[in-house]
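These are the residues of each chain, in order.
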Amino acid sequence: MMSQVIVIGAGVVGLSAALAAQARGLSVVVIDREGPAAGASAGNAGAFAFTDILPLASPGILRKAPKWLLDPLGPLSVPPAYALKIAPWMFRFWRACQPGRVAHSTTAQTALMDLSKAELEPFLAATGTLPMLRKDGNLQVYESAAELKSAEPGWAARAAHGIAFHHLTAREMADLQPGLAPRFTHGTFTPGWYSIADPKLYTLALAERFTAQGGSLLRAEITALKPVEGGVELLTATGSTHRADQVVLAAGAFSHRIARSLGEKIPLETERGYNTTLPADAFDLRMQVTFGGHGFVITRLSTGLRVGGAVELGGLDLPPNYKRAEAMLQKAQAFLPGLNPAGGVQWFGFRPSLPDSLPAIGPSRAAPRVIYAFGHGHLGLTQSAGTARLVADMLTGRTPALDLTPFSPHRF
């Protein structure tokens, strides 16, 4: 059977793209190996981090990385069993940390953030999910004046792009968010930081809206793509096939394996994420609090308080190391002395990451009817509505809403 559009991936990016394509009048099928919201879309921190314009690949991370890498449970780690395999990606990451490349990535990231923010509320309204949006802001905390000073170049870059923020004293922080440990002497509040009530429930709501509007949601593992006359053939792990006029590849951390079937090697790696979700009454949390020096956050969802973050570059096949989730929770207890750690539920998942911190958005060179939309790192939820707009533009032959050159899947 021939479909107009098949989207591979039922995470927040894939479903957002499917809904945007539906809104343009296209008939859409979504295929996922596990079903909707099974991956990073379920376990993220729930933030629309539009102010997070600075790439992970930056001179700042190069200064911090050696210290962090010495701590196997720290904010950035590479399991020894994976170190050799990830070496080529790390070399590309190191090159992306050069100042000129960082400036280029920041400009591109800002453009995608601006588009995503502009698209978000209309998209939520159109999909019936606007009541799930929150605008509580984010509080970044620091343990010394020196730590705040080292962050100033990043805040200067945000100011240059019109992002509002306020530096705070310890007393001002206590007024905004009571209960912080006295070790935090300075802070920065970003009011333009949005969040969703619960990322899994949001993604499931998108899936429900998609099917209610006539979309089909199938469960299958796509292993290969093949250009055919007038379209694309998709091969599944069980040997069955599907055909479509156009395909959107939005399979998160597994996308590069499917792209490889077209002969295209895209350096996608996996930021393995961990978190613990505590009962909602575990602490009186007023907004998301970011412990930047320790690489994690605590955020308030409708379903509880989520403590998570950090980056473990360990691929798709190594078993999870839940000691990382435990280490973040222990730190959260020290940083928020009134936090009750009982009753937590741990989670582990894959965040798809490219070396320069920008996603891959654009057509395949080998099969122009295949559009890539993956590699958003920890910004998939944040950039989902903007990516959906760009994908819908390409599917319908319109000029994309922004220049896609910096996001080319073939830039490496």
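Calculation notes
- Residues numbered from 1 in each chain as written.
- Predicted model: local features only at pLDDT ≥ 70, side-chain atom pairs only at ≥ 80, totals over all residues.
- Heavy atoms only, no water.
- Helix = DSSP H or I, 4+ residues; strand = E, 2+ residues; numbered from the N terminus.
- Rg over C-alpha atoms; globule rule 2.2 N^0.38 Å.
- Buried < 20%, exposed > 50% of the residue type's maximum accessible area, 1.4 Å probe, protein only.
- Contact = heavy atoms within 4.5 Å.
- Areas by Shrake-Rupley, 256 points an atom, 1.4 Å probe, with all protein chains shown as cover.
- Lys, Arg positive; Asp, Glu negative; His and termini not counted.
- Charge placed at Lys NZ, Arg CZ, Asp CG, Glu CD.
- Pairing = 2+ DSSP bridges.
- Phe/Tyr/Trp six-rings, centres within 6.5 Å; stacked < 30°, edge-to-face > 60°.
- Lys NZ or Arg CZ within 6 Å of the ring centre and 35° of its normal.
- Salt bridge = Lys/Arg side-chain N within 4 Å of Asp/Glu carboxyl O.
- Polar contact = N/O pair within 3.5 Å; in protein donor to acceptor, adjacent residues only side chain to side chain.
- Axes fitted to C-alpha atoms, helices over the stretch in contact; angles between N-to-C directions.
- Parallel < 35°, antiparallel > 145°, perpendicular 65-115°, else oblique.
- Left-handed = near helix turned anticlockwise from the far one by under 90°.
- Nonpolar A, V, L, I, M, F, W, Y, C, P; charged D, E, K, R; others polar.
- Core = buried A, V, L, I, M, F, W, Y, C linked by side-chain atoms within 4.5 Å.
- Patch = residues over 30% accessible without salt bridge, like charges linked within 9 Å, V, L, I, M, F, W, Y side chains within 5 Å.
- Expected span 1.5 Å × (residues − 1).

Section: the overall build of the protein chain
Along its length, the protein chain carries eleven helices and 20 strands. On C-alpha atoms alone, the protein chain measures out to a radius of gyration of 21 Å, which is about the 22 Å that the 2.2 N^0.38 rule sets for 412 residues. Expressed as lengths along the three principal axes of its C-alpha atoms, the size of the protein chain is roughly 65 × 45 × 40 Å. When each of the 412 residues of the protein chain is scored for burial, the buried share is 56%. Within the protein chain, residue pairs in contact and separated by at least 24 positions form 76% of the contacts whose partners lie at least 6 positions apart. Looking at the protein chain as shown, the accessible area adds up to about 16,800 Å², and 56% of this sits on carbon and sulfur atoms. The average position of the 37 basic charges and that of the 30 acidic charges among the side chains of the protein chain differ by 4 Å.

Quick look at the sheet that holds strand S5 (residues 133-134)
Sheet strands associate in pairs through backbone hydrogen bonding, adopting either a parallel or an antiparallel arrangement. If you walk across this open sheet you meet the three strands as S3-S9-S5, and the pairing is antiparallel. Edge positions in the sheet fall to strand S3 (47-48) and S5, since each has one partner strand and no second. Both S5 and strand S9 (residues 194-196) contribute to a ladder of two bridges, which runs antiparallel. In the sheet register, Leu133 faces S9, and the bridge partner there is Ile196.

Thoughts on unusual backbone geometry
A positive phi is found at Ala37, a non-glycine position, where the angle reads about 60°. Tracing the chain through its elements places Ala37 in the loop between strand S2 (28-32) and helix H2 (40-43). Located in the positive-phi region is Ser357, a residue other than glycine, with phi close to 70°. With respect to the helices, strands and loops of the structure, Ser357 is situated in the loop between strand S18 (345-353) and strand S19 (360-363). Relative accessible area serves as the criterion here: at 14%, Ser357 is assigned to the buried category.

Side note on the packing of aromatic side chains
The tally for this structure, following the rule as stated, stands at 16 aromatic pairs. An aromatic cluster is defined as three or more aromatic residues linked by ring pairs; in this entry it consists of Phe254, Tyr274, Tyr322, Phe348 and Phe350. Its guanidinium or amino end placed over the ring of Phe254, Arg33 lies 4.0 Å from that ring's centre, counting from NZ or CZ. Here Arg158 stacks its cationic end above the ring of Trp155, 4.4 Å away from the centre of that ring.

Description of the pairing of strand S11 (residues 222-228)
For S11 and strand S12 (residues 231-236), the ladder comprises six bridges, and the chain directions are antiparallel. Considered in S12, the bridge of Pro227 is made with Val232.

Concerning the pattern of salt bridges
What the rule picks out here adds up to 13 salt bridges. A salt bridge links Arg24 to Asp393, with the shortest nitrogen-to-oxygen separation between them at 2.7 Å. Here Arg24, found in the loop between helix H1 (12-23) and S2, pairs with Asp393, found in helix H11 (residues 384-395); they are 369 residues apart in sequence, far enough to count as distant. Here Arg24 falls in the partly exposed class, since its relative accessible area comes to 25%.

A look at the side chain of Arg324
When you line up the elements, Arg324 lands in helix H10 (residues 323-335). Put simply, Arg324 is tucked away with no salt bridge, and the nearest opposite charge, on Glu312, sits 4.3 Å away. Engagement of the side chain of Arg324 in a polar contact is seen with the backbone oxygen of Pro72, the distance being 2.9 Å. With near-sequence residues (within four places) excluded, Arg324 lies in contact with Pro72, Leu73, Gly74, Pro75, Ser77, Tyr274, Ala310, Val311 and Glu312.

Details of the packing of H1 against H11
Running from N to C, H1 and H11 cross one another at 45°; their axes reach a closest spacing of 8 Å. Looking at the two axes, H1 sits oblique to H11. Considering only the axes of H1 and H11, their crossing is right-handed. Within the contact between the two elements, H1 uses Val12, Val13, Ser16, Ala17, Ala20 and Ala21 and H11 uses Ser384, Thr387, Ala388, Val391, Ala392 and Leu395. Looking at side-chain class alone, the contact of H1 with H11 contains nine nonpolar, three polar and no charged residues.

Observations concerning the nonpolar core
Grouped together as the largest cluster of nonpolar side chains are 52 residues, with contacts concentrated most on Val28, Phe48, Leu120, Tyr202, Val248, Leu395 and Phe407. Core analysis: the second largest hydrophobic core is formed by 33 residues, Val289, Ala310, Met328 and Ala332 among them.

Some points on a nonpolar patch on the surface
There is a patch of nonpolar side chains on the surface, built from Leu62, Phe91 and Trp94 and spanning about 300 Å² of accessible area. Inspection of the secondary structure puts Trp94 in helix H4 (residues 83-96).

Let's talk about the environment of Ala18
The topology assignment puts Ala18 in helix H1. Judged by relative accessible area, which is 0%, Ala18 ranks as buried. Sequence separation of Ala18 and Leu206 is 188 residues, and the distance between their C-alpha atoms is 9.4 Å. Residues within four places of Ala18 in sequence aside, it is in contact with Val7, Val28, Val30 and Phe210.

Considerations on H11
Working note: α-helix, 3.6 residues per turn, so residues spaced by three or four point in the same direction. In this model H11 runs 16 Å from its N-terminal to its C-terminal C-alpha over twelve residues, within 8% of the 16 Å that 1.5 Å per residue would give. Of all twelve residues in H11, eleven are buried; the element is thus mostly enclosed. Within H11, burial applies to Ser384, Ala385, Gly386, Thr387, Ala388, Leu390, Val391, Ala392, Asp393, Met394 and Leu395. One or two steps after H11, the chain reaches Gly397, where phi turns positive at roughly 75°.

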